[in-house]
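Secondary and tertiary structure notes
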Number of protein chains: 2
Amino acid sequence: MKDVTTDLARLTASEARAEMRAGRLTSLDLVQACLARIAARDKEVRAWITLNPEAEAQAAAIAPDDPRPLAGIPIAIKDMIDTGDLPTTHNSPLYGTNRPANDAPCVEVLRAAGAIVLGKSDTTEFAAAGRWAATANPHDVTRTPGGSSSGTAAAVGDFHVPLGLGTQTGGSTIRPASFCGDVALKPSWGLISTEGVKRYSVSLDTIGLFARSVEDIALLADVYRLPEAPAPGARLRLGLCLTPYADKLEPETLALFGTLAERLAPVADVIPFDLPEDFAGIDDLHRCVMHSEGAAAFLNLAVTRPALLHDDFHARVERRAGHTPRQMFEAYDALARLRMTFEEMSKGFDAILAPSAPGFAPPGKGPGNPLFNAMWTALQVPVMTLPVSGQDLPLGVSLVGRRAEDRRVIAAAQRVAPLL
Amino acid sequence: MKDVTTDLARLTASEARAEMRAGRLTSLDLVQACLARIAARDKEVRAWITLNPEAEAQAAAIAPDDPRPLAGIPIAIKDMIDTGDLPTTHNSPLYGTNRPANDAPCVEVLRAAGAIVLGKSDTTEFAAAGRWAATANPHDVTRTPGGSSSGTAAAVGDFHVPLGLGTQTGGSTIRPASFCGDVALKPSWGLISTEGVKRYSVSLDTIGLFARSVEDIALLADVYRLPEAPAPGARLRLGLCLTPYADKLEPETLALFGTLAERLAPVADVIPFDLPEDFAGIDDLHRCVMHSEGAAAFLNLAVTRPALLHDDFHARVERRAGHTPRQMFEAYDALARLRMTFEEMSKGFDAILAPSAPGFAPPGKGPGNPLFNAMWTALQVPVMTLPVSGQDLPLGVSLVGRRAEDRRVIAAAQRVAPLL
């Protein structure tokens, strides 16, 4: 019996929907399997802050022939994102009793597609700094799941739930997905509303999509109406980019990237893709924007509840990193120039292969280094991470696309994934 | 007695604070005077959707020696902005019963400074389209107060309240302020958090500040910690820019701008400031970004409550204006280039004088034409409007600054205002 529920919990959303359509599975079976998996695992993994007490009742109410794309599929929602029926704590002592009146738009869209919010997953405080998530990496509980979408990444990677929502301002989706063995998409900036998501950096905050298959990411792309994009040709054209920070890569990543051209040869031409020198400063530009926008985002907390606000956020409000508001606007302009350069350079590529993290998940609970993610967030481009098999621990490869070509990246990932 | 309360309602926030500090006025006196003014006027003006039933009690609780910068000062909050103690309807049938759990950060900051939220003011639906505000122009009730911050602009201009919050995505602060005779500031984008404000266009939505004096705008700039900026020199250096759309200006505006150099000669050199030809497309770029970001912003409403959602918003979600997501990103890049050009061109100017609207408020209830505002919103620059005396109806002049130099614009406005 235990094996059966575990097996059900291992289904992807697309597989579960196919079983439901065939009349061989109900939403309640699936939700109960997920809850059983959580009961067995979450004392150690600690992915969840709140479980939805109505999840089984909501699952039982899903009609067997419900045609909606996510009908009856449980999903984890990062506890940075408002839910009208569950607390939303941002993992902050300032929001311990916070009960939003409404779902965030990104959650409403999921529920309208039939998804069942299984619960709220742990996060770095305000998805930014301060307090870390309590979550452990399910593949090695002495290591971090990565942050800030720690709980969502671990819950999906540990078969608590097939789908999850996170966010990314620096590397908060792609990096934990890499550490936990998930498939994830950070969409092009601006395509999914971040209203109802605790604000950190308005021009960088992005909703992140977590799953265990490329097909499931495509399903979520449909639900969020991500735009159509040119399909890749018969043979993929992929760039290979170690970024300006290649000297910060761990040996396991360097070794992996040395094999990619050969591994992917059956489906793709892999061509070196080196960014020009002016990209070396992109991480500093990203940090300037993120910290400066954080000064506006956290001002209200600094003036209303200073004692409970972690010093990391007072540091943002007081601009202790030393960035002036003028520099923020200069950073906007400099990033805009780099976006235009990347647009030109990436013409004709289906995706650019890049590291999803420096290497394996490091020991401890810290969020990890966002160096290989923040630059793409700043460029507004879609990034998808795919797990690579045959490693000691999970390790992801990023496929980076051009803005609004999220679907082209997903299509490329569908061909690449079986070879990783 | 009636005259006394009317006189109190005519005080600016700075004047009222000085009276309170001198022990000659209490917050309760002021709030009651404002409520009396509203009782006398709002049947005709219809600025308010909700009045705060606790306003008098909150005013009575303000200690006479409360040192906070806005202690006891009543303020109008556009009903697009969340308040934890009052409904927030967005003037939409979809949100008639909406009761947010928390104040928006921009409201929390005001309350922490001692302000009393007198109520929620009417707005164009979602500050965007659909349903217009019921508000009339207090200077001629057959005319529009302008939109979308209709209620805030009318309430401030008609002495219901000395201060107000609005928003601006196209021209929703500067234009109604011009029509109602207010002083207003649309700050540089990104300096005041728009969290808790109904989303329309994430890269354009901006909080707008309304008052009846430049000094009061400076007070609000302090409260929101707008950054320090270079002070103008002994003699102002002002550009004069009729924008690429000068052919759309009404005769009253053309006549006024013909007099500005002479009017301001005592304090300023007024120098022609012509934008290069590539600025002619800026209004189209703005509209592409606004409509495209609206597709993401309103998707949740289109899928959850399609029957009650005004067709204007379905049009955004369905991208009926014909902009593709790729074009949105191209518009981001094109606007970024124009921002850099404006940065270069505006070096050495304290502010650029420009029209706040095509002309006087037109008849009816429509929001008016945003053509002379949207371009500056898209450029992220601070814009302050000052009312000009001696006209048949209110008419404003905009002072446009460089990004993050909001304080320089305010300082220039302090010298310019007495001559208008």
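For clarity, every value in this text was computed on a predicted model and none was experimentally measured.

Conventions we followed
- Residues numbered from 1 in each chain as written.
- Chains lettered and ligands numbered in written order.
- Predicted model: local features only at pLDDT ≥ 70, side-chain atom pairs only at ≥ 80, totals over all residues.
- Heavy atoms only, no water.
- Helix = DSSP H or I, 4+ residues; strand = E, 2+ residues; numbered from the N terminus.
- Rg over C-alpha atoms; globule rule 2.2 N^0.38 Å.
- Buried < 20%, exposed > 50% of the residue type's maximum accessible area, 1.4 Å probe, protein only.
- Contact = heavy atoms within 4.5 Å.
- Areas by Shrake-Rupley, 256 points an atom, 1.4 Å probe, with all protein chains shown as cover.
- Lys, Arg positive; Asp, Glu negative; His and termini not counted.
- Charge placed at Lys NZ, Arg CZ, Asp CG, Glu CD.
- Core = buried A, V, L, I, M, F, W, Y, C linked by side-chain atoms within 4.5 Å.
- Domains from an automatic or database assignment.
- Axes fitted to C-alpha atoms, helices over the stretch in contact; angles between N-to-C directions.
- Parallel < 35°, antiparallel > 145°, perpendicular 65-115°, else oblique.
- Left-handed = near helix turned anticlockwise from the far one by under 90°.
- Nonpolar A, V, L, I, M, F, W, Y, C, P; charged D, E, K, R; others polar.
- pLDDT = per-residue confidence, 0-100.
- Pairing = 2+ DSSP bridges.
- Buried area = accessible area lost by both parts, 1.4 Å probe.
- Salt bridge = Lys/Arg side-chain N within 4 Å of Asp/Glu carboxyl O.
- Polar contact = N/O pair within 3.5 Å; in protein donor to acceptor, adjacent residues only side chain to side chain.

Re the overall build of chain A
Summing up its helical and strand segments, chain A has 15 helices and eleven strands in all. For a compact globule of 420 residues, the expected C-alpha radius of gyration is about 22 Å, and chain A comes in at 20 Å, within 12% of that figure. Dimensions along the principal axes, computed over C-alpha positions, put chain A at roughly 60 × 55 × 40 Å. Classification of the 420 residues of chain A by burial places 66% in the buried group. Across chain A, every contact between residues at least 6 apart in sequence was considered, and the portion connecting residues at least 24 apart equals 79%. For chain A, the accessible surface area stands at approximately 13800 Å², while carbon and sulfur atoms represent 53% of it. Each charge sign in chain A was given a centre, from 41 positive and 49 negative side chains, and these centres are 2 Å apart.

Quick notes on the nonpolar core
One finds W376 of chain A together with W376 of chain B to be the most contacted residues of the largest nonpolar core, which totals 271 residues. Residue-level mapping places this core at the junction of two domains, with at least three residues from each of domain 1 (1–278 + 337–420) and domain 2 (281–328) of chain A. Residues within four places of W376 of chain B in sequence aside, it is in contact with K186, C241, T243, L275, F342, A354, V381, V383 and V400 of chain B.

As for the packing of helix α10 (residues 282–297) of chain A against helix α14 (residues 371–379) of chain A
Residues and elements named next belong to chain A. Packing of α10 against α14 brings their axes to within 9 Å, and their N-to-C directions diverge by 70°. The orientation of α10 with respect to α14, classified from their angle, is roughly perpendicular. The handedness of the crossing between α10 and α14 is left-handed. On α14, the residues touching I282, D283 and H286 of α10 are L371, A374, M375, A378 and L379. A per-class count over the contact of α10 with α14 returns six nonpolar, one polar and one charged.

Concerning the confidence of the model for chain A
Per-chain confidence: chain A averages 97 in pLDDT, with 99% of residues scoring 70 or above. ipTM for the predicted complex: 0.96, alongside a pTM of 0.97.

So, the sheet that holds strand β3 (residues 116–121) of chain A
Sheet strands pair via backbone hydrogen bonds, and the direction of the pair is either parallel or antiparallel. All names here are of chain A. Strand order in the open sheet formed by eleven strands is β1-β3-β2-β4-β6-β5-β10-β11-β9-β7-β8, and the pairing between neighbours is mixed. Every interior strand has two partners, whereas the edge strands, β1 (48–51) and β8 (268–272), have only one. Averaged over neighbouring strand pairs, the angle between their axes works out to 25° when direction is ignored. As paired elements, strand β2 (residues 74–78) and β3 share five bridges and run parallel to each other. Looking at the pairing, P74 lines up with I116 of β3. Contacts between helix α8 (residues 214–223) and the sheet are confined to β4 (163–168), β5 (183–186), β6 (206–211) and β10 (383–387), with β6 contributing the most and set at about 140° to the helix.

Some words on the domain arrangement of chain A
All names here are of chain A. Along its sequence, chain A is organised into domain 1 (1–278 + 337–420) and domain 2 (281–328). Tallying the contact residues gives 26 residues for domain 1 and 20 residues for domain 2. Carbon and sulfur atoms supply 66% of the area buried between domain 1 and domain 2, which totals about 1900 Å² over both sides. Across the domain 1-domain 2 interface, the total number found is zero salt bridges. For the pair domain 1 and domain 2, the interface holds eight residue pairs in polar contact (both at pLDDT 80 or more). Considering each element in turn, the side of domain 1 that touches domain 2 owes the most residues, five residues, to α14. Looking at the side of domain 1 that touches domain 2, its residues break down into 16 nonpolar, five polar and five charged.

Topic: the environment of R46 of chain A
Residues and elements named next belong to chain A. Structurally, R46 can be placed in the loop between α3 (27–45) and β1. Classification of R46 as partly exposed rests on a relative accessible area of 45%. Between the C-alpha atoms of R46 and A255, which are 209 residues apart in sequence, the distance is 32 Å. Those residues in contact with R46, other than ones at most four positions away along the chain, are D122, A134 and T135.

Concerning the interface of chain A and chain B
Taken together, the contact between chain A and chain B spans 51 residues of the former and 51 residues of the latter. Where chain A abuts chain B, roughly 4200 Å² becomes buried across the two surfaces, and 58% of that area is made up of carbon and sulfur atoms. Looking only at chain A, the three residues that lose the most surface to chain B are R199, R326 and F329 of chain A, adding up to 15% of its buried area. Applying the counting criterion to the chain A and chain B interface returns eight salt bridges. A salt bridge links E195 of chain B to K198 of chain A, with the shortest nitrogen-to-oxygen separation between them at 2.9 Å. Taken together, the links from chain A to chain B amount to 16 residue pairs in polar contact (both at pLDDT 80 or more). For the side of chain A that touches chain B, the elements supplying multiple residues, two or more each, are α5 (105–112), α10, α11 (299–304) and α13 (325–345) of chain A.

Re the sheet that holds strand β2 (residues 74–78) of chain B
Residue and element names in this part refer to chain B. With mixed pairing, eleven strands are arranged side by side in an open sheet as β1-β3-β2-β4-β6-β5-β10-β11-β9-β7-β8. Sheet topology places β1 (48–51) and β8 (268–272) at the edges, where each strand pairs with a single neighbour. Ignoring strand direction, the axes of neighbouring strands in this sheet form an average angle of 25°. Where strand β10 (residues 383–387) meets strand β11 (residues 396–400), five bridges bridge the pair, whose relative direction is antiparallel. For L386, the partnering residue across the bridge sits in β11 and is V397.

Details of the pattern of salt bridges
Going through the model one piece at a time under the given rule, you end up with 52 salt bridges over all chains. A salt bridge links R235 of chain B to D269 of chain B, with the shortest nitrogen-to-oxygen separation between them at 2.9 Å. One end of the pair, R235 of chain B, is in the loop between α8 (214–223) and β7 (236–240); the other, D269 of chain B, is in strand β8, with 34 residues separating them in the sequence. The partly exposed category is assigned to R235 of chain B, whose relative accessible area is 38%. For D269 of chain B, a relative accessible area of 37% puts it in the partly exposed group. A salt bridge links R408 of chain B to E405 of chain B, with the nearest nitrogen and oxygen atoms 2.9 Å apart. Here the two residues R408 of chain B and E405 of chain B agree in accessibility, since each one is buried. Where salt bridges share partners, they join R326 and D333 of chain A together with E343, D350, R402, R403, E405 and R408 of chain B into one cluster.

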